[in-house]
Number of protein chains: 6
Amino acid sequence: MTSSRFEQGLKKLSEIDGEAGHKVIDSLQDICPDLARYTIEYPFADIYSRPGLDLKSREIATVAALTALGNCQPQLKVHLQAALNVGCSADEIKEVILQMSVYAGFPAALNAMFAFKEVLQERGLL
Amino acid sequence: MTSSRFEQGLKKLSEIDGEAGHKVIDSLQDICPDLARYTIEYPFADIYSRPGLDLKSREIATVAALTALGNCQPQLKVHLQAALNVGCSADEIKEVILQMSVYAGFPAALNAMFAFKEVLQERGLL
Amino acid sequence: MTSSRFEQGLKKLSEIDGEAGHKVIDSLQDICPDLARYTIEYPFADIYSRPGLDLKSREIATVAALTALGNCQPQLKVHLQAALNVGCSADEIKEVILQMSVYAGFPAALNAMFAFKEVLQERGLL
Amino acid sequence: MTSSRFEQGLKKLSEIDGEAGHKVIDSLQDICPDLARYTIEYPFADIYSRPGLDLKSREIATVAALTALGNCQPQLKVHLQAALNVGCSADEIKEVILQMSVYAGFPAALNAMFAFKEVLQERGLL
Amino acid sequence: MTSSRFEQGLKKLSEIDGEAGHKVIDSLQDICPDLARYTIEYPFADIYSRPGLDLKSREIATVAALTALGNCQPQLKVHLQAALNVGCSADEIKEVILQMSVYAGFPAALNAMFAFKEVLQERGLL
Amino acid sequence: MTSSRFEQGLKKLSEIDGEAGHKVIDSLQDICPDLARYTIEYPFADIYSRPGLDLKSREIATVAALTALGNCQPQLKVHLQAALNVGCSADEIKEVILQMSVYAGFPAALNAMFAFKEVLQERGLL
């Protein structure tokens, strides 16, 4: 069953984060493969696979939270990619980031917007 | 024009936060009415009135951020109410809170879930 | 197997947090039993049951982190209890809190020390 | 010399925080007198006694920081009192709090403004 | 009127942040010009243009807050420049940063001091 | 006596942080030697020299707190080194980091684990 959680999580990770997610998992193998396993099992099998909220709304929530926290830029960039992957438009993502200026201040919104600029440039969309 | 921003914001505040929002604004009048005015103008007229994202998605973003920040329970409770007001189901809101355990840890998710329990009890929904 | 994770976690929760932990779990039942389940499965079955670090060191880590974060007093109080439960002396716990003044500032240390004062008073130890 | 740091700090604490500061120190005596001593020696003897910045500016800095951090309301209230004690006008303090909406978001500013409302009411100034 | 807020804010931005502020605004033009506009209108026209607090005190507040938050180094560097621009001496700024060790811990103070070292080096003052 | 605190602190700094600690102190000399002095006196003479908790437990507490705070990577890296210096095994440190996923979320744990990977690589241990 653990192994089925792992496989379910890995499939969900591929669906949401694509290559960027797999890179994170790969880079944990030589230092702490258990953190890789937990990252797949708890967030992706237990949480993101739940039926009660669509993936687009889930990524809106995650982009909002990571923008507001402001201290995890690598994960924010992965989820800015993920938000595009699951169907958010670039304009919707910008709205989420803009809105965070209200709750976490302008520096948090500015830093997230510049992270999104990098993401769009990496995708050749800017 | 400032006054039209104010009126637009007040209307949006009523639509989203209802009575709870007006209580916050009222309680600022004797200490700092300018903060009341800015709270209406910037968040509600400038941001929440923008067309690029529906109010349901906006409240998902706000609930996620306030859950993750974990240090603004009064505002979280207002926006848990707001999320219900603009059409999120209780189950969708629970999903957002659950998901925050991944990004901000279990204490943040637990405290938000207990705040939501209070909100549902105040509404007679639990 | 999920169920065996649940049972393993529940046993570990009892060992560490005692009654206080069960109260948290109970109070989730009417609002989000899945959060109760995840709280038992991931932190207690997956993490606290791992053999690589003794429970005393684990509680030192948790008290340090919750003191430093400063926005989750209910969980801090549960883990100040837990630290005593698993064999930390009151003086060792005070040292951890004192040390946090260096990393998170004096307000964080003061608020945690006052929380610990309440815990010791609840136990009749002060 | 340690004792002279202690006495210098105690004098500075009285000058800045008045009765509220002494209450904090007193309430530490039965749980951790060393934290009381360090709180007097490092912040008040080492830092607030330094000549390079006037006390009014120091309290502006502290009120700003505690408003922005948002997780240490008791200390914020002590320093809102202190800011008034060392010569900040109520209006200047409101400006500092208002400005924090830019850097830490509206919830942080709102919660600090409501804390200041309580302080002014306790002083009979509102 | 919105346009007059914009122009007032732009003038205030020039006065405070100089070239560094304009670079931030410019770099937003291709990704989200509305965030550039809001950054000028709310912080600079609405807040920094208010008469109740001098710009030197405002920058002391901002440097304190950004040092304490610790997760927005680019904005901290802009405001360390701004503090010098509006008349804070380098020594006064160092006092503000030193003082933050009390409220946000030594890492926050150290990281801000190293940011200030870079600012002074960029200005040829160190 | 201040000078004896300084010497005691310097000795403790050498014992715990080794070369990395001295580099931090050295790099403060041209910008703010007083911050260097305070960093030695308060954390290292006053706190880390206290007898009530062993250095291994102290470093577990510090690594936990800096992982959870997530906004002071340079200091986290110094203390990941320090934890190894005072006798924590690499596996024990990984457990502390893993455990922080529970209290501060997966991004905090991931970023600390990648910092630890760098530390182990710098030591030729990976």
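Criteria and cut-off values
Residues numbered from 1 in each chain as written. Chains lettered and ligands numbered in written order. Predicted model: local features only at pLDDT ≥ 70, side-chain atom pairs only at ≥ 80, totals over all residues. Heavy atoms only, no water. Helix = DSSP H or I, 4+ residues; strand = E, 2+ residues; numbered from the N terminus. Rg over C-alpha atoms; globule rule 2.2 N^0.38 Å. Contact = heavy atoms within 4.5 Å. Areas by Shrake-Rupley, 256 points an atom, 1.4 Å probe, with all protein chains shown as cover. Lys, Arg positive; Asp, Glu negative; His and termini not counted. Charge placed at Lys NZ, Arg CZ, Asp CG, Glu CD. Least-squares fit on C-alpha atoms with pLDDT ≥ 70 in both. Domains from an automatic or database assignment. Buried area = accessible area lost by both parts, 1.4 Å probe. Expected span 1.5 Å × (residues − 1). Buried < 20%, exposed > 50% of the residue type's maximum accessible area, 1.4 Å probe, protein only. Phe/Tyr/Trp six-rings, centres within 6.5 Å; stacked < 30°, edge-to-face > 60°. Axes fitted to C-alpha atoms, helices over the stretch in contact; angles between N-to-C directions. Parallel < 35°, antiparallel > 145°, perpendicular 65-115°, else oblique. Left-handed = near helix turned anticlockwise from the far one by under 90°. Nonpolar A, V, L, I, M, F, W, Y, C, P; charged D, E, K, R; others polar. UniProt positions renumbered as here; feature names shortened; annotations may be inferred. Salt bridge = Lys/Arg side-chain N within 4 Å of Asp/Glu carboxyl O. Polar contact = N/O pair within 3.5 Å; in protein donor to acceptor, adjacent residues only side chain to side chain.

1. Observations regarding the overall build of chain A
On a plain count of helices and strands, chain A comes out with six helices and zero strands. Against the 2.2 N^0.38 benchmark of 14 Å for 126 residues, chain A shows a C-alpha radius of gyration of 15 Å, consistent with a compact globule. Long-range pairs, those at least 24 residues apart, make up 64% of the contacts in chain A between residues at least 6 apart in sequence. When the accessible area of chain A is evaluated, it comes to approximately 4,200 Å², of which 53% is carbon and sulfur surface. Measuring between centres, the 12 positive side-chain charges of chain A sit 3 Å from its 16 negative side-chain charges.

2. Digging into the relation of the copies chain E and chain D
Laying chain E over chain D is done by rotating through 180° and shifting 0.0 Å along the axis; what remains is an RMSD of 0.0 Å. Both copies of the chain, as the preceding transformation shows, are related through a two-fold rotation axis. In this assembly, 100% of the residues forming the interface of chain E have copies in chain D that are likewise at the interface, indicating an isologous arrangement.

3. Concerning the domain arrangement of chain A
Residue and element names in this part refer to chain A. By the assigned domains, chain A splits into domain 1 (1-50) and domain 2 (53-126). The distance between the C-alpha centroids of domain 1 and domain 2 comes to 21 Å. Counting from both sides, the interface comprises nine residues of domain 1 and, opposite them, ten residues of domain 2. Of the roughly 790 Å² buried where domain 1 meets domain 2, counting both sides, 55% is carbon and sulfur surface. Area buried by domain 1 at its contact with domain 2 is led by Ile16, Asp17 and Tyr48, which between them contribute 60% of it.

4. A short note on the relation of the copies chain F and chain C
For the pair chain F and chain C, the superposition axis carries a translation of 0.0 Å, the fit reaches an RMSD of 0.0 Å, and the rotation angle comes to 180°. Most of the interface of chain F is mirrored in chain C: 100% of its interface residues are interface residues there too.

5. Notes on helix 2 (residues 33-47) of chain B
Residues and elements named next belong to chain B. Taking 1.5 Å per residue, 15 residues should reach 21 Å; helix 2 reaches 20 Å between its end C-alpha atoms and fits that length. Counting buried residues along helix 2, twelve of its 15 residues qualify, which places the element largely inside the surrounding structure. Looking at helix 2, one finds that the buried residues are Leu35, Ala36, Tyr38, Thr39, Ile40, Glu41, Tyr42, Pro43, Phe44, Ala45, Asp46 and Ile47.

6. Describing the packing of aromatic side chains
By the definition in use, this model includes 27 aromatic pairs over all chains. Arranged with centres 5.6 Å apart and planes meeting at 80°, the rings of A:Tyr42 and C:Tyr38 form a pair that is edge-to-face. In this pair, A:Tyr42 sits in helix 2 (residues 33-47) while C:Tyr38 sits in helix 2 (residues 33-47), so the two residues belong to two different chains. Residue C:Tyr38 is classed as buried on the basis of its relative accessible area, which comes to 4%.

7. Considering the packing of helix 6 (residues 106-122) of chain C against helix 2 (residues 33-47) of chain D
Here helix 6 of chain C crosses helix 2 of chain D at 165°, and the two axes come no closer than 11 Å. Our classification of the angle between helix 6 of chain C and helix 2 of chain D gives roughly antiparallel. Note that helix 6 of chain C runs across helix 2 of chain D; the crossing there is left-handed. Taking contact as the criterion, the partners of C:Phe106, C:Ala109, C:Leu110 and C:Met113 in helix 6 of chain C are, on helix 2 of chain D, D:Leu35, D:Tyr38, D:Thr39, D:Tyr42 and D:Pro43. Residue composition of the contact of helix 6 of chain C with helix 2 of chain D, by class: eight nonpolar, one polar and no charged.

8. A look at the UniProt feature "domain: Carboxymuconolactone decarboxylase-like" (unreviewed entry) in chain A
Those residues carrying the UniProt feature "domain: Carboxymuconolactone decarboxylase-like" (unreviewed entry) are residues 33-118 of chain A in this numbering. Counted over residues 33-118 of chain A, helix gives 83% and strand 0%. Its end C-alpha atoms are 29 Å apart.

9. Concerning the interface of chain E and chain D
Facing the 28 residues of chain E at the interface are 29 residues of chain D. Summed over both partners, the interface of chain E with chain D comes to about 2,600 Å²; 67% of that surface belongs to carbon and sulfur atoms. On the chain E side of the contact with chain D, E:Glu95, E:Gln99 and E:Tyr103 bury the most area, a combined 25% of that side's loss. Taken together, the connections running from chain E to chain D amount to four salt bridges. Across the salt bridge formed by E:Glu95 and D:Arg58, the nearest N and O atoms sit 2.7 Å from each other. Mapped onto the side of chain E that touches chain D, the elements with two or more residues apiece are helix 2 (33-47), helix 3 (55-69) and helix 5 (90-104) of chain E. It is helix 3 of chain E that contributes the most residues to the side of chain E that touches chain D, ten residues altogether.

10. Quick notes on helix 5 (residues 90-104) of chain D
Residues and elements named next belong to chain D. The terminal C-alpha atoms of helix 5, which comprises 15 residues, lie 21 Å apart, in line with the 21 Å expected from a rise of 1.5 Å per residue. Counting buried residues in helix 5 gives 13 out of 15 residues, a clear majority hidden from the surface. After helix 5 finishes, the residue glycine 105 shows a positive phi value of roughly 95°.

11. Considerations on the interface of chain F and chain C
Interface size is commonly expressed as the accessible area that is lost once the parts come together. The interface is formed by 28 residues belonging to chain F together with 28 residues belonging to chain C. A per-residue breakdown of the area chain F buries against chain C is headed by F:Glu95, F:Gln99 and F:Tyr103, which together make up 25% of the total. Viewed at the interface, chain C and chain F are joined by four salt bridges. Between C:Glu95 and F:Arg50 there is a salt bridge, and its shortest N-O distance comes to 2.9 Å.

12. Looking at the environment of C:Lys117
Among the secondary structure elements, C:Lys117 is positioned in helix 6. With relative accessibility at 13%, the residue C:Lys117 sits in the buried group. Considered as a pair, C:Lys117 and C:Leu80 are 37 residues apart in the sequence and their alpha carbons are 10.0 Å apart. Residues within four places of C:Lys117 in sequence aside, it is in contact with C:Leu126, D:Ser27, D:Asp30 and D:Ile31.

13. Thoughts on the pattern of salt bridges
Counting across every chain of the model gives 78 salt bridges over all chains. Across the pair C:Asp34 and A:Arg50 runs a salt bridge, and its minimum N-O distance is 2.8 Å. Here C:Asp34, found in helix 2, pairs with A:Arg50, found in the loop between helix 2 and helix 3 (55-69), and the two come from separate chains. Exposure remark for A:Arg50: the relative accessible area of 16% places this residue in the buried category. Members of the salt-bridge network, linked through shared partners, are A:Arg5, A:Asp34, A:Arg37, A:Glu41, A:Asp46, C:Arg50, C:Arg58 and F:Glu95.

14. Description of the side chain of A:Gln81
Among the structural elements, A:Gln81 can be located in helix 4 (residues 73-85). Beyond its immediate chain neighbours, meaning those up to four positions away, A:Gln81 contacts A:Val119, A:Glu122 and A:Arg123.

15. Observations concerning the environment of B:Met113
Examined against the element boundaries, B:Met113 turns out to sit in helix 6 (residues 106-122). Along the backbone, B:Met113 and B:His22 are 91 residues apart, and their C-alpha atoms lie at a distance of 24 Å. Those residues within four positions of B:Met113 in sequence are excluded, and the remaining contacts are B:Lys94, B:Ile97, B:Leu98, C:Leu28, C:Ile31, C:Cys32 and C:Leu35.

16. Overview of the side chain of D:Ser57
Residue and element names in this part refer to chain D. Locating serine 57 in the fold gives a position in helix 3 (residues 55-69). Relative accessible area serves as the criterion here: at 10%, serine 57 is assigned to the buried category. Polar contacts involving the side chain of serine 57 include one to the side chain of aspartate 54, which spans 2.9 Å.

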